[in-house]
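# Reading the structure
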Amino acid sequence: MKLFQRLLVAPAALGFLAPISANANEINLNEISNYSNVESIDFVNSFNNDGLKESPLLAGGEGLVDTPADSFSSTTSAEFGSTFYVGTIDEGDDGGVTTFTYDFAMDLSTSFTGEDSLAVAVIGGNAGTTAVDDVMGGDGTEDILTLDGVSYTFPLGGFTVTAGDGVGVDDLNTGACAYSAFTDTISDCGTSSVGGEADSAVAVSYDFGNGFTAAGGVGFATEATGVLSDEDASTIGLEAAYTADTYGVSLAYTDNDEAGGDTSFYSIQASYTPDAPYSVSAGYEFDDDDADSIFLGLTTEVGPGSLSLGASTQELADDHDDNYMYELAYSYDVNDGMTVTPGLFIIEDADDDEFGMVVTTSFSF
């Protein structure tokens, strides 16, 4: 009864949290004055490199360099994103205090053949310090930019291969989860063990056609212990998936040495996406010790946005008393680059359930 009372009053409480907006100003590069009295200087960038001279000036004023005209690939692109987290949890370390944190991500990618991709990920922010952050899973780097991963993806025969630091053994998995998760706890349809905890990996996938795909990978713990050595806590992952027009299902196996000993996890995802403004997703996972977790979620269009309602166990366990979590969120686009998502969640606890309200504002540019 306590759960349903809170779900009834929670939407009204969301009105106290206002979305955050931001404006961006464009820089007119044409107004930048010349660096010197050189008669002709060309800037090299990813947006326009037509007709480059033999000695272009790299953007930023590093100086003249003797390079071929195609030295900077026109296929290089950059994507940026940031999320603000404003919210509160009535129990726990912060005890009902409203907190604000943020994170930032920059993804750079380029292609050398048109079929491959070299990707570099940079993250930053302070979203790893509050009770809200523990639930939402933002990036916390103590307000400094950190290299989060470097990977190279390329075709090999009929396969697709990716390798690098920050790569997971499940990076090429198809998956079958159609649920738009609000919190990190309920992400991936509750199958959080897929992919393990590898620091870097090599992953391979193959598309058989007609909806059938397969993927797998080998991950490594740290550079200090070497690759697949006796000391290395390696991770092995395998997945088989089938995706049709209105439904999908995936089966995954993960052997994760970092989880302690030689622990194996078995994960199932399924989704139903009819020709209608909603989708239903489910997940189930268990390990060698017969601990398991379950998930069920609904995502549906409502007005200008989408509503997500999900329930899941918080973790693998033998007994699920006081182990469930519930979330409700509504996401809508303010414009092409800004999305606001107010949401609430309840985390069961043996002493007193935790109730939280959070508004996230995500920017992409």
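Please refer to the structure higher up on the page.
Residues numbered from 1 in each chain as written. Predicted model: local features only at pLDDT ≥ 70, side-chain atom pairs only at ≥ 80, totals over all residues. Heavy atoms only, no water.

Helix and strand content of the chain: two helices and 18 strands. Of all 365 residues assigned to the chain, the portion counted as buried reaches 38%. Taking as baseline every contact in the chain between residues at least 6 positions apart, the subset at least 24 positions apart corresponds to 48%. Summing over all exposed atoms, the chain offers an accessible surface of approximately 20100 Å²; the carbon and sulfur share of this is 53%. (Helix = DSSP H or I, 4+ residues; strand = E, 2+ residues; numbered from the N terminus. Buried < 20%, exposed > 50% of the residue type's maximum accessible area, 1.4 Å probe, protein only. Contact = heavy atoms within 4.5 Å. Areas by Shrake-Rupley, 256 points an atom, 1.4 Å probe, with all protein chains shown as cover.)

Time to look at a negative patch on the surface. On the surface, D288, D289, D290, D318, D319, D321, D322 and D351 cluster together into a negatively charged patch. Locating D351 in the fold gives a position in the loop between β17 (338-347) and β18 (354-364). The exposure class assigned to D351 is exposed, which follows from its relative accessible area of 75%. (Patch = residues over 30% accessible without salt bridge, like charges linked within 9 Å, V, L, I, M, F, W, Y side chains within 5 Å. Salt bridge = Lys/Arg side-chain N within 4 Å of Asp/Glu carboxyl O. Lys, Arg positive; Asp, Glu negative; His and termini not counted. Charge placed at Lys NZ, Arg CZ, Asp CG, Glu CD.)

Another aspect to go through is the side chain of T235. Note on placement: T235 falls in strand β10 (residues 235-243). By relative accessible area, which is 0% here, T235 ends up buried. A distance of 3.3 Å separates polar atoms of two side chains, one belonging to T235 and the other to N256. Among residues more than four places away in sequence, those in contact with T235 are V169, G195, G196, E197, A198, G217, V218, G219, T254, D255 and N256. (Polar contact = N/O pair within 3.5 Å; in protein donor to acceptor, adjacent residues only side chain to side chain.)

Counting residues in hydrophobic clusters, the biggest one holds 17 residues, and the most contacted among them are I89, V135, M136, F182, M325, F345 and V358. Of all the secondary-structure elements, those providing two or more residues to this core are β3 (77-89), α2 (131-136), β16 (324-335) and β17. Considering each element in turn, this core owes the most residues, four residues, to α2. Leaving out residues up to four positions away in the same chain, F182 has contacts with M136, E327, A329, T341, P342, G343, L344, F345, V358 and T360. In this structure, M338, V340, V359 and F363 belong to the second largest nonpolar core, which totals five residues. (Core = buried A, V, L, I, M, F, W, Y, C linked by side-chain atoms within 4.5 Å.)

A cluster of nonpolar residues, Y247, Y272, Y278, V280, L296, L298 and L309, forms a patch on the protein surface that exposes about 620 Å² of accessible area. The set of elements that each furnish at least two residues to the nonpolar patch consists of β13 (278-287) and β14 (292-302). Considering the arrangement of structural elements, one finds Y247 in strand β11 (residues 247-256).

None of this, on its own, says anything about what the molecule does.
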